[in-house]
Amino acid sequence: GKVLTLDPALGPAVPAFLALLDVPIDEVSWHALDPLQRRQQTLDAVKRLLLRESERTPVVLVVENVHWIDASSEEFLKSLADGLHDHRALLVLTTRPGRPMEWLPATTETITLEGLDRDDLRQMVHTLLGTRTVSGVVVVSLIRSSLSRGRRRLRVPWAGTGRSSAPAPGPR
């Protein structure tokens, strides 16, 4: 229902959405497809839905820990990133430093985020828990866990933001 109210042209993609949600499908033509065709139709359907929604309202899609993705997910993200150039959509990817992502468009901006220091982490824990009386063991455990994770990188394909080109490179 909601997919078709967004755009009736998405009607042929409904079986792919139902399959993605593990809903039984009565459509004979869907069952006649081989697994690779179903996979491709599902990936195309999700991409079309996201891009169509971005025509209605800005869309931000955040995918964390891209260093763990499989080849199929990488293929989907590449296809999506390549298709963002004329849409009000922002794709934000996080990964560990050192993970090459040559598959992203040339307009991708990489932003390195440094971890919080101990005092900032302690303040954040107290603020989030809404109390100053947190066990020192809990705070130290959270700080150690955070510090061991180190830096993260954000990869932002700027093509979908309405900019004519990527911003001037900042610190990497």
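Sequence positions are assigned chain by chain, starting from 1 and proceeding in written order. Only residues with pLDDT of at least 70 get local features here, since the model is predicted, and only at 80 or more are side-chain atom pairs given and counted; chain-wide, interface and lining totals rely on the full set of residues. Computation of side-chain values: all heavy atoms of the structure, hydrogens and water removed.

It is worth spelling out the overall build of the protein chain at this point. Helix numbering and strand numbering both begin at the N terminus, where a helix is a DSSP run of H or I of at least 4 residues and a strand a DSSP run of E of at least 2. Check the secondary structure of the protein chain and you find 7 helices and 4 strands. Think of it in three bands: with a 1.4 Å probe and only protein chains considered, a residue is buried below 20% of the maximum accessible area for its type, exposed above 50%, and partly exposed in between. Residues classed as buried in the protein chain amount to 33% of the 172 residues present. For this analysis, residues touch if any pair of their heavy atoms sits within 4.5 Å. Sequence-distant contacts in the protein chain: of pairs separated by 6 or more residues, those separated by 24 or more amount to 75%.

Next up on the list: the pattern of salt bridges. Salt bridge, as used here: a side-chain nitrogen of Lys or Arg that lies within 4 Å of a carboxyl oxygen of Asp or Glu. Applying the stated rule across the entire model yields 5 salt bridges. Among the salt bridges present, the one from Arg-52 reaches Glu-55, with a minimum N-O distance of 3.3 Å. You can see Arg-52 and its partner Glu-55 sitting in helix α4 (residues 35–56), 3 residues apart, about one turn around the helix. The class of Glu-55 is partly exposed, set by a relative accessible area of 49%. The closest approach of N and O atoms between Asp-82 and Lys-78, which form a salt bridge, is 2.7 Å. You can see Asp-82 and its partner Lys-78 sitting in helix α5 (residues 71–82), 4 residues apart, about one turn around the helix. Asp-82 gets classed as partly exposed once you look at its relative accessible area, which sits at 36%. Residue classification places Lys-78 among the partly exposed positions, given a relative accessible area of 35%.

This brings us to the nonpolar core. We define a nonpolar core as any set of buried Ala, Val, Leu, Ile, Met, Phe, Trp, Tyr and Cys residues linked to one another through side-chain atoms lying within 4.5 Å. Core analysis: the largest hydrophobic core is formed by 16 residues, its most contacted members being Leu-77, Leu-91, Leu-93 and Trp-103. For this core, the elements supplying multiple residues, two or more each, are α4, β1 (59–63), α5 and β2 (89–95). Residue contributions to this core peak at 4 residues, all from α5. Residues Ala-13, Phe-17, Ile-25 and Ala-45 belong to the second largest nonpolar core, which totals 7 residues.

What follows concerns unusual backbone geometry. Located in the positive-phi region is Asp-22, a residue other than glycine, with phi close to 60°. Take Asp-22: it is sitting in the loop between α2 (14–20) and α3 (28–32). Residue class for Asp-22 comes out exposed when judged on its relative accessible area of 70%. We note that Asn-65 has phi near 55°; this positive angle belongs to a residue other than glycine.

Further remarks concern the confidence of the model for the protein chain. pLDDT measures the predictor's confidence residue by residue and takes values from 0 up to 100. Taken residue by residue, the protein chain gives an average pLDDT of 80. The fraction at 70 or more is 77%. pLDDT under 50 marks residues 159–172. Its contacts with residues more than four places away, or in other chains, come to 24 contacts.

For the rest of this paragraph, the subject is a nonpolar patch on the surface. Nonpolar side chains (Val, Leu, Ile, Met, Phe, Trp, Tyr) within 5 Å and like charges within 9 Å form the patches, drawn only from residues with over 30% relative accessible area and no salt bridge. The Shrake-Rupley method, run with a 1.4 Å probe sphere, supplies the accessible areas, and residue values consider only the shown protein chains as cover. Among the surface-exposed residues, Leu-116, Met-124, Leu-128 and Leu-129 lie close enough to one another that they form a single nonpolar patch of about 390 Å² accessible area. Assignment of secondary structure puts Leu-116 in the loop between β3 (108–113) and α6 (118–129). We classify Leu-116 as partly exposed; its relative accessible area is 36%.

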